[in-house]
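Here is how the chains run, residue by residue.
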Amino acid sequence: IKTWTNYIHGWQDRWVVLKNNTLSYYKSQDEREFGCRGSLCLSKAVITPLEFDECRLDISVNDSVWYLRAIDSEHRHQWINSIELHRAESGYGSESSLRRHGSMVSLTSATSGFSTTSTSSFKGHSLREKLAEMETFRDILCRQVDTLQKYFDGCADAVSKDELQRDTIVDDDEDDFPNTRSDGEFIHNNNGSKEKLFQSLSPKDINGIDFKGEAITFKATTAGILATLSHCMDLMVKREDSWQKRLDKELEKRRRIEEGYKSALSELKKKSHFRGPDYEEGPNSLINEDEFFDAVEAALDRQDKIEEQSHTEKWRIQRSSPVPPGDVYSTMGSHRFADKVEEMVQNHMTYSLQDMGGDANWQLVVEEGEMKVYRREVEENGIVLDPLKATHSVKGVTGHEVCHYFWDTDVRNDWETTIENFNVVETLSENAVIVYQTHKRVWPASQRDVLYLSAMRKILANNENDPDTWLVCNFSVDHDNPTNRCVRAKINIAMICQTLVSPPEGDREISRDNITCKITYVANVNPGGWAPASVLRAVAKREYPKFLKRFTGYVQEKTSVKPILF
């Protein structure tokens with residue numbers, strides 16, 4: 001099954017294994033012995049089949065989401081059924097199992113909560129003192145109970161012995177008793193003396209215990225315990241209000257956290273994860289125009305910083321770029337696209353050089369010094385096709401030099417910052433080539449490529465007082481070059497240059513201080529894809545002026561020490 005890897009590699013085939021309530025994936029079946037590259041526990045996984053894509057299914061656990069894509073809808077259905085069946089067999093598919101696990105968690109939480117509450121309840125200093133008093137009273141009470149128990153045991157032993165003696169006397173012959181008093185308390189022995197038959201028991205006779213004193217002490221101890229308990233209860237009642245307030249505060253905090261969690265979870269279910277496939281440019285993209293623009297602008301800012309660090313080194317590199325003689329650019333050529341090139345050149349010479357003053361359809365969007373950028377808003381089937389025209393004057397360079405560096409593919413990477421790679425597909429003539437290039441991707445927009453014919457021409461002036469015109473036109477053509485997953489853009493671009501010379505003073509030779517290049521740059525681009533119109537217009541307004549300033553600055557630096565190329 002295919003899994004979404006990242007925005008560079010997109011969907012890739014992966015070997016996915018369903019086992020032991022776990023979904024694991026490997027790069028391929030042969031790499032299983034090296035370990036899985038990722039896994040998800042299915043016990044709490046949420047499976048979401050997408051409505052607008054019959055092959056997609058998303059599996060999420062908390063903040064981890066897997067984007068899967070089956071071969072077809074039947075294959076997706078098989079995967080969903082297999083996962084659900086596996087979860088049911090593992091004991092995570094029924095409500096009873098969920099309740100059982102929940103009860104265990106609740107019991108543990110309740111126990112730990114009780115323990116915490118009990119510990120925190122004894123933090124008061126007065127309460128601690130009273131508890132220490134209770135401990136002392138307990139020790140005293142235990143000793144008193146032991147003492148009283150010994151006394152009671154002694155009393156019980158004495159009574160038992162007394163009853164035993166009485167039973168023995170009753171069994172003897174009555175003649176053995178010479179005289180018995182009526183009160184039954186004394187008997188007369190043979191020697192005429194009296195002896196006490198039943199000796200009365202006093203507390204001091206049994207182990208020397210003062211029963212009355214012990215009883216009083218016992219009563220005082222129990223009274224102290226009761227008083228201390230009463231005091232503890234008073235303290236706890238007084239603290240009940242503060243405890244209740246703390247509890248209410250914690251409950252309110254928990255309620256807010258739970259609501260925030262539910263809200264975040266709800267938003268997470270509505271949207272895919274950042275940089276996921278649902279956040280890319282496309283007909284079903286979940287990203288809005290503001291988020292789209294912010295992401296594009298941030299990516300362009302990062303590219304600008306990288307280019308600022310490296311452009312100086314690129315510009316210092318001296319490349320041997322032989323310049324063909326000027327006559328080469330004056331002819332049409334004999335290749336199969338020669339008529340098309342001539343048609344494009346004539347259209348640009350006729351319409352692109354027209355003054356835009358008074359034309360309400362053209363809007364001035366940027367003006368910086370000598371540079372002015374105009375735009376005419378055009379949309380077709382929801383796609384922005386705004387023609388753009390820019391005029392600029394650059395001192396110290398000629399039209400031939402500007403067009404040479406714009407057309408020469410050997411120096412293209414020195415000044416062009418948006419290209420990822422390019423190659424010349426076919427060389428038609430000395431002044432015409434077919435180029436295929438891919439542009440750097442700016443997330444969340446899809447990556448673009450373009451296949452175009454690039455031709456450089458010199459148009460001689462009809463009047464000797466007028467300057468000659470140098471022109472580079474780039475326009476899309478069909479070719480057998482293999483396509484890839486990029487969105488194909490269509491272009492029709494022209495760089496039109498004329499050299500203006502101011503006569504030097506006296507007999508001095510013409511220097512670069514005496515020349516100025518008048519530039520007219522026109523661009524008609526069909527970006528294709530699904531990028532929002534407002535984002536495309538904002539990016540065009542930002543990038544075209546930067547491009548012109550960067551490119552003309554590059555030409556000035558490269559030609560400053562070279563002979564003038566008219």
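Residues numbered from 1 in each chain as written. Predicted model: local features only at pLDDT ≥ 70, side-chain atom pairs only at ≥ 80, totals over all residues. Heavy atoms only, no water.

- If you check an unreviewed UniProt entry, the chain appears there as Ceramide transfer protein from Oncorhynchus mykiss.
- Recorded in UniProt for the chain, the comment headed Catalytic activity (unreviewed entry) runs: "N-hexadecanoylsphing-4-enine(in) = N-hexadecanoylsphing-4-enine(out)". (UniProt positions renumbered as here; feature names shortened; annotations may be inferred.)

1. Quick word on the overall build of the chain
Then, in step 1: A tally of regular secondary structure across the chain gives nine helices and 22 strands.
Then, in step 2: In the chain, the proportion of contacts linking residues at least 24 apart, taken out of those at least 6 apart, comes to 60%.
Then, in step 3: For the chain, the accessible surface area stands at approximately 35000 Å², while carbon and sulfur atoms represent 51% of it. (Helix = DSSP H or I, 4+ residues; strand = E, 2+ residues; numbered from the N terminus. Contact = heavy atoms within 4.5 Å. Areas by Shrake-Rupley, 256 points an atom, 1.4 Å probe, with all protein chains shown as cover.)

2. Regarding the packing of helix H7 (residues 399–407) against helix H9 (residues 533–559)
Then, in step 1: Put simply, H7 and H9 touch, their axes get as near as 10 Å, and they point 110° apart. By the angle between their axes, H7 is roughly perpendicular relative to H9. Crossing of H7 over H9 shows right-handed handedness. Across the interface between the two elements, Glu-401, Val-402, Tyr-405 and Phe-406 from H7 touch Phe-547, Phe-551, Tyr-554, Val-555, Lys-558 and Thr-559 from H9. (Axes fitted to C-alpha atoms, helices over the stretch in contact; angles between N-to-C directions. Parallel < 35°, antiparallel > 145°, perpendicular 65-115°, else oblique. Left-handed = near helix turned anticlockwise from the far one by under 90°.)

3. Considering the packing of aromatic side chains
Then, in step 1: Overall, the coordinates contain 14 aromatic pairs when judged by the stated rule.
Then, in step 2: Ring centres of Trp-4 and Trp-11 lie 5.5 Å apart, and the angle between their planes is 70°; on these two criteria the pair is classed as edge-to-face.
Then, in step 3: Classification of Trp-4 as buried rests on a relative accessible area of 13%.
Then, in step 4: When the centroid spacing of 6.4 Å and the interplanar angle of 80° are considered together, the rings of Tyr-329 and Trp-407 count as edge-to-face. Of this pair, Tyr-329 sits in the loop between helix H5 (289–316) and helix H6 (338–352) while Trp-407 sits in helix H7, and the two are 78 residues apart along the sequence. Here the two residues Tyr-329 and Trp-407 agree in accessibility, since each one is buried.
Then, in step 5: An aromatic cluster is defined as three or more aromatic residues linked by ring pairs; in this entry it consists of Phe-406, Trp-415, Tyr-521, Tyr-544, Phe-547 and Phe-551.
Then, in step 6: Between Arg-32 and the ring centre of Tyr-26, over which it is positioned, the NZ or CZ distance is 5.6 Å.
Then, in step 7: A cation over a ring is seen here: Arg-412 above Phe-422, with NZ or CZ 5.7 Å from the ring centre. (Phe/Tyr/Trp six-rings, centres within 6.5 Å; stacked < 30°, edge-to-face > 60°. Buried < 20%, exposed > 50% of the residue type's maximum accessible area, 1.4 Å probe, protein only. Lys NZ or Arg CZ within 6 Å of the ring centre and 35° of its normal.)

4. Some words on the environment of His-86
Then, in step 1: Following the sequence through the fold, His-86 ends up in helix H1 (residues 73–89).
Then, in step 2: Exposure remark for His-86: the relative accessible area of 18% places this residue in the buried category.
Then, in step 3: In this structure, the C-alpha to C-alpha distance between His-86 and Leu-42, residues 44 residues apart in sequence, is 8.9 Å.
Then, in step 4: In contact with His-86, not counting residues within four places along its chain, are Leu-18, Lys-19, Asn-20 and Asn-21.

5. Topic: the sheet that holds strand E4 (residues 22–26)
Then, in step 1: Strand order across the open sheet formed by three strands is E3-E4-E5, with antiparallel pairing between neighbours. The open sheet has two edge strands with one neighbour each: strand E3 (15–19) and strand E5 (38–41). Along the sheet, successive strands turn relative to each other by an average axial angle of 15°, direction set aside.
Then, in step 2: Inspection of the sheet shows E4 paired to E5 by four bridges, in the antiparallel sense. By the bridge assignment, Leu-23 is partnered in E5 with Leu-40.
Then, in step 3: Along the sheet, H1 makes contact with E3 and E4, crossing E3 at roughly 30°. (Pairing = 2+ DSSP bridges.)

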